[in-house]
Each structure stands twice: as structure tokens, then as C-alpha cells.
Amino acid sequence: MSPLLSLRNVSVAFGGQPVVRDVSFDVASREIVGLVGESGSGKSVTALAILGLLPPTAEITGEIVFEGRDLPALGRRQMRRLRGAGIGMIFQEPMSSLNPVFTVGDQIIEAIRVHQRISRRAAADRAVELLEKVGIPAPRRRLEDYPHQMSGGMRQRVMIAIALSCSPRLLIADEPTTALDVTIQAQLLDLLAEVREEFGTAVVLITHNMGVIAEIADRVVVMYASRVVEEAGVFPLFDHPRHPYTRGLMASTPAMDMEAPRLVTIPGGTPTPGNLPPGCNFAPRCGYAIPPCAEGVPPMDAFADGQRAACIRARELGPAAPR
Amino acid sequence: MIGYTVSRLLQTIPILILVSLIAFGIIYLIPGDAATVIGGPSATAEDLARIRANLGLDQPLLAQIGHFYVNLLQGDLGRSLMLGIPVTDAVIARSPITISIALYSLVLTIVLGLSTGIVAALNHNRWIDQAATVFALIGVSLPNFWLALVMIVLFSVHLGWLPTGGYVPFTTDPIGWLRTATLPALSLAMLQAGLLTRITRSTMLEVLRQDYIRTARAKGVPEWVVITRHALANTLMPVVTVLGLILSVLLSGSIVIETIFNVPGIGSLLGNAISNRDYPMIQGGLLFVTAALLLLNLVVDILYTWLDPRIRVGGSA
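Residues numbered from 1 in each chain as written. Chains lettered and ligands numbered in written order. Predicted model: local features only at pLDDT ≥ 70, side-chain atom pairs only at ≥ 80, totals over all residues.

## Regarding the overall build of chain B
Link 1 in the chain: Along its length, chain B carries 13 helices and zero strands.
Link 2 in the chain: Listing every helix and strand of chain B by position from the N terminus yields α-α-α-α-α-α-α-α-α-α-α-α-α.
Link 3 in the chain: Residues counted as buried form 34% of the 317 residues belonging to chain B.
Link 4 in the chain: Long-range contacts, defined here as pairs at least 24 residues apart, represent 70% of the contacts in chain B between residues at least 6 apart. (Helix = DSSP H or I, 4+ residues; strand = E, 2+ residues; numbered from the N terminus. Buried ≥ 20, exposed ≤ 12 C-beta atoms within 10 Å, placed from the backbone. Contact = placed C-beta atoms within 7 Å.)

## Remarks on the packing of helix α9 (residues 211–218) of chain B against helix α10 (residues 223–261) of chain B
Two measures define how a pair of helices packs: the angle their axes make with one another and the distance between the axes.
All names here are of chain B.
Link 1 in the chain: At a minimum axis distance of 10 Å, the contact between α9 and α10 shows a crossing angle of 145°. Considering only the axes of α9 and α10, their crossing is right-handed. On the side of α9, the interface is formed by Tyr212, Ile213, Ala216 and Arg217, while α10 contributes Val226, His230 and Ala231.
Link 2 in the chain: Across the contact of α9 with α10, the residue classes break down as five nonpolar, one polar and one charged. (Axes fitted to C-alpha atoms, helices over the stretch in contact; angles between N-to-C directions. Left-handed = near helix turned anticlockwise from the far one by under 90°. Nonpolar A, V, L, I, M, F, W, Y, C, P; charged D, E, K, R; others polar.)

## Description of the interface of chain B and chain A
Link 1 in the chain: Counting residues at the interface gives 21 residues for chain B and 27 residues for chain A.
Link 2 in the chain: Contributing elements (two or more residues each) for the side of chain B that touches chain A: α9, α10 and α13 (309–312) of chain B.
Link 3 in the chain: Among the elements that make up the side of chain B that touches chain A, the one with the highest residue count is α9 of chain B (six residues).
Link 4 in the chain: A per-class count over the side of chain B that touches chain A returns eight nonpolar, seven polar and six charged.

## Focus: the sheet that holds strand β6 (residues 87–90) of chain A
Residue and element names in this part refer to chain A.
Link 1 in the chain: Judged by pairing direction, the sheet is mixed, and its eight strands sit side by side in the order β6-β7-β8-β3-β9-β10-β12-β11 without closing on themselves. The open sheet has two edge strands, β6 and β11 (301–302), and neither has a second partner.
Link 2 in the chain: Sheet strands touched by helix α1 (residues 43–51): β3 (32–36), β6, β7 (170–174), β8 (202–207) and β9 (219–224). Its angle to β7, the strand with the most contacts, is close to 145°. (Pairing = 2+ DSSP bridges.)

## Details of the nonpolar core
Link 1 in the chain: If you look at the biggest cluster of nonpolar residues, it comprises 93 residues, and the most contacted ones within it are Ile108, Ala161, Leu170, Ile172, Val204, Val222 and Val229 of chain A.
Link 2 in the chain: Here this core takes eight residues from helix α6 (residues 152–164) of chain A, the largest share from any one element.
Link 3 in the chain: In this structure, Leu170 of chain A is in contact with Leu4, Leu5, Val27, Gly86, Ile87, Thr201, Ala202 and Val204 of chain A, ignoring residues within four places of it in sequence.
Link 4 in the chain: Membership of the second largest hydrophobic core comes to 59 residues, among which are Ala35, Met204, Leu270 and Ile282 of chain B. (Core = buried A, V, L, I, M, F, W, Y, C linked by C-beta atoms within 7 Å.)

## A word on the sheet that holds strand β4 (residues 58–66) of chain A
All names here are of chain A.
Link 1 in the chain: The strand order across the open sheet formed by four strands is β2-β1-β4-β5, and the pairing between neighbours is antiparallel. Each of the sheet's edge strands pairs with one partner strand only, and the pair in question is β2 (17–27) and β5 (69–70).
Link 2 in the chain: Summarising the sheet, β4 and β5 pair through two bridges and their orientation is antiparallel. Looking at β5, one finds that Val65 is bridged to Asp70.
Link 3 in the chain: Sitting on the sheet, α1 is in contact with β1 (5–14), β2 and β4, with an inclination near 70° to β2.

## A word on the pairing of β9 of chain A
All names here are of chain A.
Link 1 in the chain: In terms of residue burial, β9 counts as a mostly covered element, since six of its six residues are buried.
Link 2 in the chain: Burial of β9 is two-sided: the residues Arg219, Val221 and Met223 facing one way and the residues Val220, Val222 and Tyr224 facing the other way are all buried.
Link 3 in the chain: Examined bridge by bridge, β3 and β9 share four bridges and lie parallel to one another. Residue pairing in the sheet places Val33 in a bridge with Arg219 of β9.
Link 4 in the chain: Where β9 lies against strand β10 (residues 227–233), six bridges are found, and the strand directions are antiparallel. Bridged to Arg219 within β10 is Gly233.
Link 5 in the chain: Where β9 folds back onto β10 in an antiparallel hairpin, the turn is made up of two residues, including Ala225, whose phi is positive at roughly 45°.

## Some remarks on helix α7 (residues 182–199) of chain A
All names here are of chain A.
Link 1 in the chain: If you check α7, its first and last C-alpha atoms are 25 Å apart, about what 18 residues at 1.5 Å a residue would give, namely 26 Å.
Link 2 in the chain: Buried within α7 are the following residues: Gln185, Leu188, Leu192 and Val195. Along the long axis of α7, the arc covered by the buried residues comes to 75°, so they all point the same way. Pointing more than 90 degrees away from the buried face of α7 are the exposed residues Thr183, Glu197 and Glu198.
Link 3 in the chain: Contacts from the buried residues of α7 go to α6, β7, β8 and α8 (210–216).
Link 4 in the chain: Looking at the residues trailing α7, positive phi occurs at Gly200, about 70°. (Expected span 1.5 Å × (residues − 1). Arc of directions from axis to C-beta.)

## Section: the pairing of β6 of chain A
Residues and elements named next belong to chain A.
Link 1 in the chain: Alternating positions in β6 separate into two faces, Ile87 and Met89 on one and Gly88 and Ile90 on the other, with burial throughout.
Link 2 in the chain: Of the pairings in the sheet, the one linking β6 to β7 comprises four bridges and is parallel in character. By the bridge assignment for β7, Ile87 is matched with Leu170.

## Quick word on the domain arrangement of chain B
Residue and element names in this part refer to chain B.
Link 1 in the chain: The domains assigned to chain B are domain 1 (2–73) and domain 2 (96–312).
Link 2 in the chain: Taking the mean C-alpha position of each, domain 1 and domain 2 sit 33 Å from one another.
Link 3 in the chain: At the junction of the two partners, domain 1 supplies 15 residues and domain 2 supplies 13 residues.
Link 4 in the chain: Breaking the side of domain 1 that touches domain 2 down by element, the ones donating at least two residues are α1 (2–29) and α2 (34–39).
Link 5 in the chain: Top element by residues in the side of domain 1 that touches domain 2 is α1. It accounts for 12 residues.
Link 6 in the chain: Counted by class, the side of domain 1 that touches domain 2 contains 11 nonpolar, three polar and one charged residues. (Domains from an automatic or database assignment.)

## Regarding unusual backbone geometry
The bulk of non-glycine residues show a negative phi, and the bulk of peptide bonds are trans.
Residue and element names in this part refer to chain A.
Link 1 in the chain: One non-glycine residue, Ala138, lies in positive phi territory at about 50°.
Link 2 in the chain: By secondary structure assignment, the location of Ala138 is in the loop between α4 (120–133) and α5 (139–142).
Link 3 in the chain: Although it is not a glycine, Ser167 adopts a positive phi angle of roughly 45°.
Link 4 in the chain: Following the sequence through the fold, Ser167 ends up in the loop between α6 and β7.

## A few points about helix α4 (residues 61–73) of chain B
One turn of the α-helix equals 3.6 residues, which is why residues spaced by three or four share an orientation.
Link 1 in the chain: Taking 1.5 Å as the rise per residue, α4 of chain B with 13 residues should run 18 Å; its terminal C-alpha atoms sit 18 Å apart, in good agreement.
Link 2 in the chain: Looking at the residues trailing α4 of chain B, positive phi occurs at Gly75 of chain B, about 80°.

## So, the confidence of the model for chain B
Link 1 in the chain: Per-residue pLDDT for chain B has a mean of 83; in total, 97% of the residues score no lower than 70.
Link 2 in the chain: Mean pLDDT across the elements of chain B bottoms out in α2 of chain B (71) and peaks in α9 of chain B (92). (pLDDT = per-residue confidence, 0-100.)

## Observations regarding the packing of helix α5 (residues 87–122) of chain B against helix α11 (residues 266–275) of chain B
All names here are of chain B.
Link 1 in the chain: Between α5 and α11, whose axes approach to 7 Å, the crossing angle comes to 130°. Taken together, the axes of α5 and α11 lie oblique to each other. Together, Ala90, Val91, Arg94, Ser95 and Thr98 of α5 and Ile266, Gly267 and Leu269 of α11 make up the contact between the two elements.
Link 2 in the chain: The class makeup of the residues in the contact of α5 with α11 is four nonpolar, three polar and one charged. (Parallel < 35°, antiparallel > 145°, perpendicular 65-115°, else oblique.)

In C-alpha cells:
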């Protein structure tokens, strides 16, 4: 079966400066794919490129195929019809993602009526239904509220309701829980998992938090400095990461049962897009680096279990020992 | 919201009292004896006594102030020395002219300023944006009386499209009103439109960068709806705040403009009163203009709170 969404060698550049390079991954129907990486690794730009929401100055190359259609080749009108209806998106900042001068109801109803020819009253009923689904109490009354009358968690629920309003096949969630309290984070992750069960929506979940990934993702794509460095199912990835960067990420995620009192960190910092080292981007920070690492960008190496890693020493080093 | 309106109304009272005191004091700003100045060198002793009695200058100061306010509250601002009719009557007769031109000018300002500002913001850093910025800069820099004269030379003398001056009331002949009011309104509007263009442009650019604009686009809302609904509603708020400022400049600018175009409004009435030392008239004109400005600013402030639900509805979760 062909995947719902398929990225092939997608690169994005601003003014000749690439910020996303050669990104390829697939998302199947009903699948939750985690897109992990530090800030500046190109995760959000990749997401915005899928929806065609980057500023017109962005130069996008490669294929982004959604339900058999190549998105960058679509006309503005077709792309607009797809946004919201085929692919919904929620953002990191619930406090500023809703328009302050319109009521929450207005904003959900608008999302519905942009794509469906139904009356305002019917759209309002649907909005109440959606608010109920995302766990907002007394939804009928809440329609009249303005965003400033709601908490951050509530607003993010409203954003999810908006994103789900036209039953999209794919939901892109860009750091949906980062700005929220930990307890609210867990609730929202549960909600996203429920959404997949109930609506059959596939989810691309962008985050820098490995805990979030462990919670709900089926498969994980790890990005580092504008490239994909590893891709694997969530269990193989946590069990035996193959790329040294992923190993580092795992080691630096604190766990309750860990004996070492000291938090492990990856030495050095993420290179800026204009300042990438030659060869492997991670080589300067990598404990396993050897001279050839600086000579060429390592190709993706596919392993028998479907795991892929962009490291020339991945086979030689073998899977990392389970923690 | 209601509480705000009431407190805002109460705030205008001390300002009105202060301005009326200044208006009252104008007569004492005249060096020497006001009656001699007003009467001129040929005035007889009887004339001077009559002028003093007319102005109430022969009474004690406190009594004068008391009289002034008692009369003011009854709408009596005294009698014009120049026209020989009650100041109130003159102000009432002339004000519709000034108000109609100011409103016309305000409409021109909003249409020109908003549209240029929006077009500039949507074409950020392209030649249209630069042209609009230059237009705004020219509008802001040119003195309006100079612009008025240039427009008379161009549109009236050379092209002959519009009359050089005069005024036809809207109620007698709407087309005639439009012909006589356009040049004064336009020369007043240019400066304000330039100001408004700059504010609209920068606010719009700021708003277009906001997350909720990205949300609207992600919902699949057509781009023109994103601009006219989501962006404009948020752009208008700062714009409304400067409307009060714009109105005050429109009103004070009308003194010069009405004189140039020979429009018999409050502006030219006040201008003539000043050059003829018609003190009761100056007092009346000053009070009228101040009261009008206070009222307009009040309306603008209330409009602003009504536009912004964060103020109108208040309270957070």
C-alpha cells in the first residue's frame, strides 16, 4: 500500500542557504510519526513546507507526495483546498495561534465553512461536537468565549478542534505540548492518540522531547542540522539506537530508574546552517568520529529490521547496548 | 465597559473647565485696556464705556467669572463685535460647514491612508511599497496651505475642473457641495493620509507576522479573507487610536484652509475674529473647537474599547 505522505529528497533553502537537506520519510495511514531534533534542525521548516506555508522566498526542491499528488507542484488554489481539509496543523504557541478579536466559535466555524457548504447553525453544532471531543466542558457556552478567556491548555484543545474540523487524513502537530504544563501535556498526548483511534488520522508529531515520542509515536525520524540521521520504529530506536547522535540523545534523556546522578550531555552545540562542517554534520561532536567522517556526507544505511541510519560506522559499531 | 465610558465622560469635565478659564482669560492677555484696543484710536469715552459694559469689564473679577459661566451654561457666549450677532448663533450657523468638510476629509484620509498602507504592506519591499512610502513622506512633509495653493493652480486655474473657492451647502446642492468641498478636504487629508499610511503599513506588517495569521492560512482560508478579515481587524485597532489625533489636526488645519478657499466655516470665522480682535468670537470659537475635539476623542476611545474584545469582555480563564 502506498504511504499517505511521502517526502523524497526534500530540501528547503532561504536565499541560497539550505535549512533542510535531502529529507526523505514516509507516513502511512493512521500512523503516528515522531519528527525529533533540536531547535534549528529543520523540523518545523519541513512541516511548513508540507503545507506550503513557508514564505514565498523559500526555495523548495524534491517531492512531497500526499495521496498521490505532488504538493509543491499544486496550484495555490488546490493547495489551499488541501489545507485544513486534507492536512490539519497545530502549532507550538497556543497563546498566540488564535486570533484575539474573534470568538473561539467563530474561528472553528470558519474552518468548517471554508471547506464545506453548510449553514452557520450546522457548523456551530459541529463546533460544539468538536469542542466536546477535545474535552472542553460546557462547549456550547465556550463558543462565545474569546481566546483570552481561556487557558493555554484549553486554547491548544481549540486548535486541535480546528485542525480536526474537516476530518483531515493527516495532522501535523508542531511541538503541541512544549508551551504547556506537564500534566496538561500528558492529557493532550492522550487526546492525540485518541484522535488517531477515533478519526483514523495519521499524525506527524514534531518535538524535541524523547519522552513525548516514547509516549505515542509508532515510528521516529531523527533530524540533526538540516538532515535526517536516523529512522526507526519506536521500540528499535529506544532499544538500540544506531546513529551516535541518537545514542547521545537517549543518554541525555533523564530516566527515573537511572543510577548515574549526573545528566549526560552531548559536547558542543548544533552548527548553524551557514556553518556546517564538511562531511558528516555530527562528526565534530561525535565520540566515534574517524577521519573519513569529514570526507563526505554519509549515505543512509538500511538495516534488516527496517532501521536506517546515516553513519558510515553504524554497522561496525553495531546497535547500542540497551540501557 | 459602561464604567469606563462614565469615567471617561467625567474626565472631560475638568478639561472643559480649564479650557473655558483660558478662553475667559484671553481678554486679559491684551496689553493695556482691552476696550481701548478693541475700540481703536477713534473711540470716544462713551464708546469705551459701552465696550467695557458689553464685555462686563466694569465689574469685579469674580463677578465676571461668575457671569461668564452662568451665561456659558445657558449657551450665551456674548455678542460678536465684528458681526454684531450673538456668538452662539454665528458658531451654530458656521459649524455644519466645517464639520461636513472635516468628515469628508476624514473619509478621504481613511480611504487613502488605509488602502495605501495595506497595499504597501502586502507588497513589502517591492516598488509599490517604496512608492507608497515616498507618497506618505511627501504627504507628511508638505504644508497643507502650500498644497492647497498648488491644487488651486492645477485643478482650478489650469484644468478648470473645480472652483477656486466658495461653498455650497450639501442640502441645497450635493454636486455643488462636492465641487466646492473636494479641494479643501483633499488638501487637509493629504498630510493625515501620509501619517495613516505609515501607521497602517507598519501595523499590518507586524500583524501579518503573527501566529494567528499562519493558523488562518493553515485552515485553508483564502488569502484575501486572511487579509480583509483576520489581518485587518487587528490592524484597525492602533489605527483607531490615531483617529482622534487626526481629527484634531483636521479641525485646527481648517482655519488656514477655509481662509484660502474662502469657505465660511468655523475656521475662517475664527481666523477673521483673530485678525479683527473680536474677543467674544475668539472665546466662542475656542470653546466650540475644544468641546468638539473632546467629544470626538471620547467617541474614538469608546470605539477602541469596543473593537478590542480583550478590553470589552475582560476577564481571563
